[in-house]
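An overview of the molecular structure
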Amino acid sequence: MDIEANDSAAEETAGDEESETPLNKLEEEGDVAADYLEELLDIADIDGDIDIEVRGGRTYLSVIGDEEAQGLDALVGEGGEVLEALQELTRLAVLSQTGTRSRLVLDVNGYRKDRSKYLHSLAQDAVEKVKSGGAPIHLAPMSSYERKIVHDAVADLGFVSESEGEGAKRHIVVSTD
């Protein structure tokens, strides 16, 4: 990734807010987030490459290391807790520099991709249980991002899901109606 080239492009458009397209804002968001993460990786002495992708109105950042890179697993933590916190800190860094709230999604070493596969499987299992038993199935609490993945997967399978509960106890209920 060529951060210097991206920085100069962001600086050229940053002063002209009215002509700036949402895509330019998302690219700027990605550049700011990548700079923040790069500094963090340097401070922690962790090797990793940062990839930025803009799709579907969101900025996606991935920190990827080779098999010999050490320390990236610590950025994920147990159950992705550290990753969620790091994502929020990165969003705050973007807000601080741009004045705009960010919905960026951060992934480290493919954790979110693997988790997404698991969540699709979880949705499919819940739909199968509802098909066979008819009773609604309550899933474990998860983040809003993960709930969205499950809601979409359940809808693709032709069933209904809704979120229930508050805060850390917010979870999905899968049913036939």
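The rules behind these values
- Residues numbered from 1 in each chain as written.
- Predicted model: local features only at pLDDT ≥ 70, side-chain atom pairs only at ≥ 80, totals over all residues.
- Heavy atoms only, no water.
- Helix = DSSP H or I, 4+ residues; strand = E, 2+ residues; numbered from the N terminus.
- Contact = heavy atoms within 4.5 Å.
- Areas by Shrake-Rupley, 256 points an atom, 1.4 Å probe, with all protein chains shown as cover.
- Pairing = 2+ DSSP bridges.
- Axes fitted to C-alpha atoms, helices over the stretch in contact; angles between N-to-C directions.
- Salt bridge = Lys/Arg side-chain N within 4 Å of Asp/Glu carboxyl O.
- Buried < 20%, exposed > 50% of the residue type's maximum accessible area, 1.4 Å probe, protein only.

So, the overall build of the protein
- Per the secondary structure count, the protein includes 5 helices and 6 strands.
- In sequence order, the protein lays out its α and β elements as α-α-β-β-α-β-α-β-α-β-β.
- Within the protein, residue pairs in contact and separated by at least 24 positions form 56% of the contacts whose partners lie at least 6 positions apart.
- A total accessible area of about 10,700 Å² is found for the protein, and carbon and sulfur atoms account for 47% of it.

With respect to the sheet that holds strand 4 (residues 137-138)
- Pairing is antiparallel in the open sheet, where 3 strands are placed in the order 4-6-5. Among the strands making up the open sheet, the edge pair consists of strand 4 and strand 5 (160-164).
- As defined by bridge partners, strand 5 adjoins strand 6 (residues 171-175) across 5 bridges and the pair is classed as antiparallel. Across the sheet, residue Val-160 finds its bridge partner in strand 6, namely Ser-175.
- Lying on the sheet, helix 4 (residues 111-133) is in contact with strand 4 and strand 6; it crosses strand 6 at an angle near 40 degrees.
- In this fold helix 5 (residues 144-156) packs onto strand 5 and strand 6, with an angle of close to 160 degrees to the strand it touches most, strand 5.

Details of the sheet that holds strand 1 (residues 49-55)
- One open sheet accounts for 3 strands, arranged 1-2-3; its pairing is mixed. Looking at the sheet topology across the chains shown, the edges are occupied by strand 1 and strand 3 (105-108). For this sheet the average axis-to-axis angle between neighbouring strands, irrespective of direction, equals 20 degrees.

Let's talk about the pattern of salt bridges
- Taken as a whole and judged by the stated rule, the model has 6 salt bridges.
- A salt bridge links Glu-84 to Arg-112; its shortest N-O distance comes to 2.9 Å. With Glu-84 in helix 3 (residues 81-98) and Arg-112 in helix 4, this pair connects stretches of sequence that are 28 residues apart.
- Taking the relative accessible area as the measure of exposure, Glu-84 reaches 25% and is therefore partly exposed.
- Note on Arg-112: relative accessible area 8%, which makes it buried.
- Ionic pairing is found between Glu-88 and Arg-91, a salt bridge with its closest N-O pair at 3.0 Å. A residue pair is termed a helical-turn pair when its members lie 3 or 4 positions apart in one helix, as Glu-88 and Arg-91 do in helix 3 at 3 residues.
- Among the residues examined, Glu-88 registers a relative accessible area of 37% and is labelled partly exposed.

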